[in-house]
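Architecture and fold: a report
Listed below are the residues making up each chain.
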Amino acid sequence: MDQQKKIITIGGGIAGTEVSSVLSSLGYDVIMLEKSNQTGGKLNNWNHLFPNGRPANEVTGFLRQKIQLQPFRIISNTSVSRVISANGIFALETTAGQQLQANAVIISTGFETFDATRKEEYGYSIYENVITSVDLEEIFKKGKTPLTSRGENPKRIAFIHCVGSRDEKSGHHHCSKVCCITGVKQAIEIAKQLPDAEIFCFYMDLRMFGLSYESLYREAQEKYNIQFIRGRLSEASENQDESLLIKAEDTLSGRPLKMNVDLMVLLVGMIPGKETSGMAALFGLEREPNGFLSVRDLHLNKNRSSLEGVFLAGTCIGPMTVDETLENARAAALDVHQYLQRTKR
Amino acid sequence: MKRQAKTRIWNDYQKLIPDDNFYYLRSCIRQNFFPGSEHAFLQIMKNDLQKNVFDDPNHTTCTGIAYHSDLLPFETLQTVAARQFALMTESGYKNAAVSCVTSFGIYSEVLETWKEFPEEEAKARELLWKATGREFNVPENVSHCSDIIYHFRDQIAAGQKYSLINQHTGKPLKVVEHIGCHYAKMFPGKGIGGAEFSSVLSGMIESWGGEVVDYPERRHCCGFGFRQYLIMGNRGYSVSNSRKKFESMEPYRPDAIICNCPGCAMFLDKWQYVIGEMEGKTYGPGREGIPVLTYEELAGLMLGYDPWDLGLQVHQVDCEPLLQKIGVQYDPSMKFKGLNGKNLGKPVLPACFKAAELEVIPG
């Protein structure tokens, strides 16, 4: 193994941590840059994972253990401000002013969740009782039950799917993939906490592609009486008592629908974050129309960017589940390893 | 409801409104429904704000009603719009001030079409040249007149004689704002504050001392809808839409409704009478309705214009209770007098209470 070869991973979420751990275990000199003060990314804010309800901190904890077992250098609160590449060597300057060099760079800057305030008609951050799936997960993580703005148990709750996904108006045509099953998971969690609450999910399609997803969806209906209504919400308004009047079309019955709910949860989609678009600009990488980073070959080279020596891992490529992200990161590690084995520099 | 987030949305939809030199494009129907509004706009602009507005006698209807009723093809529509622009160009104006929300939507649609399909603009230029020998420049700015009043709302507030404060209670009057669909729902970026939380009318209400009523059916259609009211068989649909709004706003006890669209103002005003006749239901206190004003009428009232010069006597819902709340000094005996004291005739049913019950009122 060539100990001299250096790798820089930009982004210390679960993909960045996994790819760095694997490459470190293969004997490379790895430095991981993380913009915040901890590794694990957005998973740190998540309570339970679909489809089996596993605590998210088991996964982040496992990844932290791997760092301890196979240490590599982590520079926190840092990103990249400048890049120069020549003869297969990348010279990076960090936002803290450090000068670093690498034979290969891995971008694992992840995603951001869609800013729900942009769907103005749903009233997020205007109406008191509209929250996002991210907000709800934070409530769960604190061990609390979601309450209305007046501190009462909500009697009727609506989940709105595809907020900022498959949506021409917001400019995001892609499917975020994870929201359908997240909605089912979160609806069941509320049903367990508030068994008397009526829970409705408003969806366009339900894309239950993963192992056990379909059975969880069936369980939501059969065991927890969660009602799924095929119809996209047109608007929400606030009533005098701060409950919400929502309007949709039930496209299965072909009729418009109007109902009052006490709490509305917006299942926000995944979009490429500022960090990802920043790296694309800095390295001159190609991007897809949806803003995620373009891969060299969708089937055969999914971890290579449009630039030689720059690799991609995780959700900077597109929406992924946690398990897909980790698999993708391991594939990226293998690809980097093969690339560095072939290069003589 | 959190105002801070609304303000952030409003800031996302800033629109350039010129400070002066407007070419006025009138509405084809407003002078019938609310005959003082357009005159009030010109008076406010010229006399109170000292602005230059050209009211060209040669311009025509935008033909929007015929277009939206499928009676007139787009080619004709854009050629008529091109003629208006040609008159503007010949007069030396670059800023269109559009009185009607339908017309505002029409001019916006034509101009946006020309941006996307330049061949359509070429076609309009050719048709206009062949028909009239005229040429035109595309306007630099197209603003709805409510945009312009919004733009000058603080100047109007500085000169206001009255404010939207209830003289009996000292509290702000509660005002419902209703935005015409074609103002911002077609092109959200062309409306002040966007489509969902337009601030064009709420900004006026707040600047003039009132409190905006945000009720659940705020965004719902007034019921105007060309295909709904033009076909008699569909008018039940029209009135039921208006009724839905009234039912939704009623618990908030609004003192007035203001609109920026001729159709909305007319139907929200006149359908109150119809609902009173059909169901015996009124939405104001007692037997009163909720007065419906255009934004020019409201601006005129704030500046101390005589309510009868503004044309408030031809409204279906009686505006006098609102005038009394504001504290407007007016002469009730002049309500149905025209120029030089000419008697205009008094309507049999001056307000929106149920006709059957009116018959038993002595006198």
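Here the structure is a predicted model, which is why all the values come from computation and not from measurement. (Residues numbered from 1 in each chain as written. Chains lettered and ligands numbered in written order. Predicted model: local features only at pLDDT ≥ 70, side-chain atom pairs only at ≥ 80, totals over all residues.)

Looking only at helices and strands, chain B has 17 helices and 8 strands in total. Its C-alpha radius of gyration of 21 Å places chain B within 12% of the 21 Å reference for a compact globule of 363 residues. Counting only C-alpha atoms and orienting by the principal axes, one finds that chain B spans roughly 65 × 50 × 45 Å. When each of the 363 residues of chain B is scored for burial, the buried share is 46%. Taking the contacts inside chain B whose residues are at least 6 apart along the sequence as the reference set, 78% of them involve residues at least 24 apart. (Helix = DSSP H or I, 4+ residues; strand = E, 2+ residues; numbered from the N terminus. Rg over C-alpha atoms; globule rule 2.2 N^0.38 Å. Buried ≥ 20, exposed ≤ 12 C-beta atoms within 10 Å, placed from the backbone. Contact = placed C-beta atoms within 7 Å.)

Of the residues lining the interface, 13 residues belong to chain B; the matching set on chain A comes to 13 residues. Among the residues forming the side of chain B that touches chain A, the class breakdown is 6 nonpolar, 1 polar and 6 charged. (Nonpolar A, V, L, I, M, F, W, Y, C, P; charged D, E, K, R; others polar.)

Moving on to the domain arrangement of chain B. All names here are of chain B. Per the domain assignment, the segments making up chain B are domain 1 (16-145) and domain 2 (150-358). One C-alpha centre belongs to domain 1, the other to domain 2, and the line joining them spans 25 Å. If you look at the interface, domain 1 gives 26 residues, while domain 2 gives 29 residues. When contributions to the side of domain 1 that touches domain 2 are tallied by element, the ones reaching two or more residues are helix 2 (30-33), helix 3 (37-48), helix 4 (64-68) and helix 6 (101-116). A total of 7 residues in the side of domain 1 that touches domain 2 trace back to one element, the largest contributor, which is helix 6. Residues that form the side of domain 1 that touches domain 2 fall into these classes: 13 nonpolar, 9 polar and 4 charged. (Domains from an automatic or database assignment.)

Once that is clear, we can look at the environment of Ser-108 of chain B. All names here are of chain B. Along the chain, Ser-108 falls in helix 6. Ser-108 gets classed as buried once you count the C-beta atoms within 10 Å, which come to 21. Remark: the alpha-carbon pair of Ser-108 and Met-186, spanning 78 residues in sequence, is separated by 8.9 Å. The residues touching Ser-108, leaving out its near neighbours within four places in the chain, are Val-142, Met-186, Phe-187 and Lys-190.

This part is about the sheet that holds strand 6 (residues 80-86) of chain A. All names here are of chain A. Spatial strand order, 6-7-8: 3 strands in an open sheet with antiparallel pairing. With one partner strand each, in any of the chains shown, strand 6 and strand 8 (99-102) form the two edges of the open sheet. Across the sheet, the mean angle from the axis of one strand to that of its neighbour is 20°, orientation sign disregarded. Where strand 7 (residues 89-94) meets strand 8, 4 bridges bridge the pair, whose relative direction is antiparallel. Residue pairing across strands places Glu-93 opposite Gln-99, the latter belonging to strand 8. (Pairing = 2+ DSSP bridges. Axes fitted to C-alpha atoms, helices over the stretch in contact; angles between N-to-C directions.)

Let us now look at the packing of helix 4 (residues 179-193) of chain A against helix 5 (residues 213-222) of chain A. Residue and element names in this part refer to chain A. In the contact formed by helix 4 and helix 5, the axes pass within 10 Å of each other and the chain directions differ by 40°. In terms of their interaxial angle, helix 4 and helix 5 are classed as oblique. Read as a crossing pair, helix 4 and helix 5 show a hand that is left-handed. In this structure, helix 4 uses Ile-181, Val-184, Lys-185, Ala-187 and Ile-188 to contact helix 5, whose residues at the interface are Tyr-213, Leu-216, Tyr-217 and Ala-220. Here the residues of the contact of helix 4 with helix 5 are counted per class, giving 8 nonpolar, no polar and 1 charged. (Parallel < 35°, antiparallel > 145°, perpendicular 65-115°, else oblique. Left-handed = near helix turned anticlockwise from the far one by under 90°.)

Residue and element names in this part refer to chain A. Here 5 strands make up an open sheet; going across it, the order is 5-2-1-9-20 and the pairing parallel. Whereas interior strands pair on both sides, the edge strands pair on one side only; in this sheet they are strand 5 (73-75) and strand 20 (310-312). Ignoring which end each strand starts from, the neighbouring axes of this sheet average 20° apart. Pairing of strand 9 (residues 104-107) with strand 20, which is carried by 3 bridges, proceeds in the parallel orientation. For Ile-106, the partnering residue across the bridge sits in strand 20 and is Phe-311. Across the face of the sheet, helix 1 (residues 14-25) comes into contact with strand 1 (6-10), strand 2 (29-33) and strand 9 while running at roughly 165° to strand 2.

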